Amino acid sequence: MANCIVNYGFSAFILFVWMAINIFLFVYFYFFYDLGPQFFYTRHLLGSALPWARAPAAVLNFNCMLILLPVCRNLLSLLRGSFVRCSRTMRKQLDKNLTFHKLVAYMIALMTAVHTIAHLFNLERYNNSRQGLDDELSTALSDLADTKNTTYLNPVRITNLQIPTYFAFTTIAGLTGVVITLALILIITSSMEVIRRSYFEVFWYTHHLFIIFFAGLVFHGAGRIVRSQQKTNPPHNTTFCKDRPDDWGQIPECPIPQFAGGFPQTWMYVIGPMVIYLCERLVRFIRYMQRVRYKKIVMRPSKVLELQLIKNGFTMEVGQYVFVNCPAISQLEWHPFTMTSAPEEDFFSIHIRSAGDWTDRLIEIMKKVPEGAEGPKLGVDGPFGTASEDVFDYEVSMLIGAGIGVTPFASILKSIWYKFKDSDPKLRTRKIYFYWLCRETHAFEWFADLLQVLEKEMEERGMGNFLTYKLYLTGWDQSHATHVMVHFDEDTDVVTGLKQKTHYGRPIWDKEFEQVRKENPTSIVGTFLCGPEALGKVLEKKCAKYSDVDPRKTRFYFNKENF
């Protein structure tokens, strides 16, 4: 339990507060509309569907206020910098921005479904009352506003039979509701993992329907189709007058009831986040206009492109990432890439693996650029902070990369090399465990050079135990296995040329965590992953399992890269 509190406690608290606010809003507004005397006649027309429509609307307002904030990258980077003196727990929450963004989106989808279904029932009840199919009171309420000095309660003003679709496409509330719902359906369905991974462009473009979604949201309440009874002089006594609709306006106790729609409130919830997001896009546009120069273009094995770039005023920290745009491919698409260079270098570099249409086209374009020439124009937005920024805050760090997921750790290992070279006294880290899992041998080639340099540097300084690295090959064929057997007795590995031999298969994580705990009995160990979600779930459980309840002993903190 103590381990769970350490790793998930604050996240659970944030989730609890968010859920508690949602529940409070739903319950409060449900009873507000279900018991409020000003909605007595409205409830008579609509029944229980009234509170079931309005309570989700309140929850929607709250969550639509939140949905944009987790994707304001510059705002998050600013907050992350502000929390640099705070606990690492606070900064870890900012790294879970996309998880929270998805949770809020799920709540919006659920409440939209409830809100829409309830209003469909409301529309049916409105229509039936207007046609005189319900009781005498409902008919009298629906007939209001047909004469002078009266206001209407029933927004359906046509006495001949009206189908719901007519109302949906001829009123502000109906038309904007249809647009909002369609936009939301497209956004959510295109965000499914299978589509986002296989057809990123579909996900990217449909996600920008949020502009239409918010525009419709702002105007949706202007229709004011849910109306409440207003105070009159003399007052209209609903208890006495509800059974005497023929006496309305004829006796002092029963003046004709007056109704008005509520003031639209949604825009007040979303205007602040919309302004913040507009500022966010303005900052991105300014960065896009800043010139990016090429220092070097290198094609690495396994269809990996390395770009070494220079941008005036650009500063970075280890493990950070940037968004890259290539107008020659698409004016609108931006893709995230972790930087592989160190802050001590006079350029920043990214490694791009062939993983889709956009990356394939970029690699093809770069292959055609003559050596030493400038490549196509690039827009670079960032840098943005990630969990890997905190790696030097731990005495001991476990770095786990899978495939191209090694990129943030390339930056970290390069920075360590520079810190040792410059004898940086601020370096608190005393031990690093590095694990890299790859499916094919060629993927190791572009990173092996850095490991060789580090290996040599540590030996010369008598710090061979500072860096423990293990490379795992998870896919091979018979010819490779035969080649390894023939050269098994050589001092260096046949795949990487390093003294540390490559392991075959996947790590036995229980064994690895047990070893780290044994070698560091009183340390706080930061575990950093850049890799698939399935591996992240495994490592998160291992961190909880092997953390000691006693705070004086070994504790593991799990951190994962999120884009």
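Use the structure listed above.
Here's what I pulled together on the structure shown here. (Residues numbered from 1 in each chain as written. Predicted model: local features only at pLDDT ≥ 70, side-chain atom pairs only at ≥ 80, totals over all residues. Heavy atoms only, no water.)

## Observations concerning the sheet that holds strand E5 (residues 321-325)
Line of reasoning, step 1. Across the sheet, 3 strands lie side by side as E6-E5-E8; this open sheet has antiparallel pairing. Edge positions in the sheet fall to strand E6 (335-338) and strand E8 (379-384), since each of these pairs with one other strand and no more. Across the sheet, the mean angle from the axis of one strand to that of its neighbour is 25 degrees, orientation sign disregarded.
Line of reasoning, step 2. Relative to E6, E5 runs antiparallel, the two sharing 4 bridges. Each bridged residue has a counterpart across the sheet, and for tyrosine 321 the counterpart in E6 is threonine 338. (Pairing = 2+ DSSP bridges. Helix = DSSP H or I, 4+ residues; strand = E, 2+ residues; numbered from the N terminus. Axes fitted to C-alpha atoms, helices over the stretch in contact; angles between N-to-C directions.)

## Some remarks on the nonpolar core
Line of reasoning, step 1. If you look at the biggest cluster of nonpolar residues, it comprises 51 residues, and the most contacted ones within it are Tyr41, Ile108, Leu141, Phe213, Phe214, Leu217 and Trp248.
Line of reasoning, step 2. When residues of this core are traced back to their parent elements, those giving at least two are helix H1 (2-35), helix H2 (40-46), helix H3 (49-66), helix H6 (97-130), helix H7 (136-143), helix H9 (172-189), helix H12 (210-220) and helix H14 (266-289).
Line of reasoning, step 3. The biggest single contributor to this core is H3, with 8 residues.
Line of reasoning, step 4. Every residue in contact with tyrosine 41, bar those within four places of it in the chain, is listed here: Leu137, Leu141, Leu153, Gln229, His236, Thr238, Cys241, Lys242, Trp248, Pro257 and Phe259.
Line of reasoning, step 5. Core analysis: the next-biggest nonpolar cluster, separate from the first, contains 26 residues, Phe420, Cys438, Phe528 and Cys530 among them. (Core = buried A, V, L, I, M, F, W, Y, C linked by side-chain atoms within 4.5 Å. Buried < 20%, exposed > 50% of the residue type's maximum accessible area, 1.4 Å probe, protein only. Contact = heavy atoms within 4.5 Å.)

## Describing the side chain of serine 330
Line of reasoning, step 1. Within the fold, serine 330 resides in the loop between E5 and E6.
Line of reasoning, step 2. In this view, serine 330 contacts Tyr205 and Asn325; residues no more than four positions away in its chain are not counted.

## Regarding the sheet that holds strand E7 (residues 348-353)
Line of reasoning, step 1. Reading across from one edge, E3-E4-E7 is the order of the 3 strands in this open sheet, with antiparallel pairing throughout. Sheet topology places strand E3 (293-300) and E7 at the edges, where each strand pairs with a single neighbour. If you compare each strand with its neighbour and ignore which way they point, the axes differ by 20 degrees on average.
Line of reasoning, step 2. Inspection of the sheet shows strand E4 (residues 304-310) paired to E7 by 6 bridges, in the antiparallel sense. Within E7, the residue paired with leucine 305 across the bridge is isoleucine 352.

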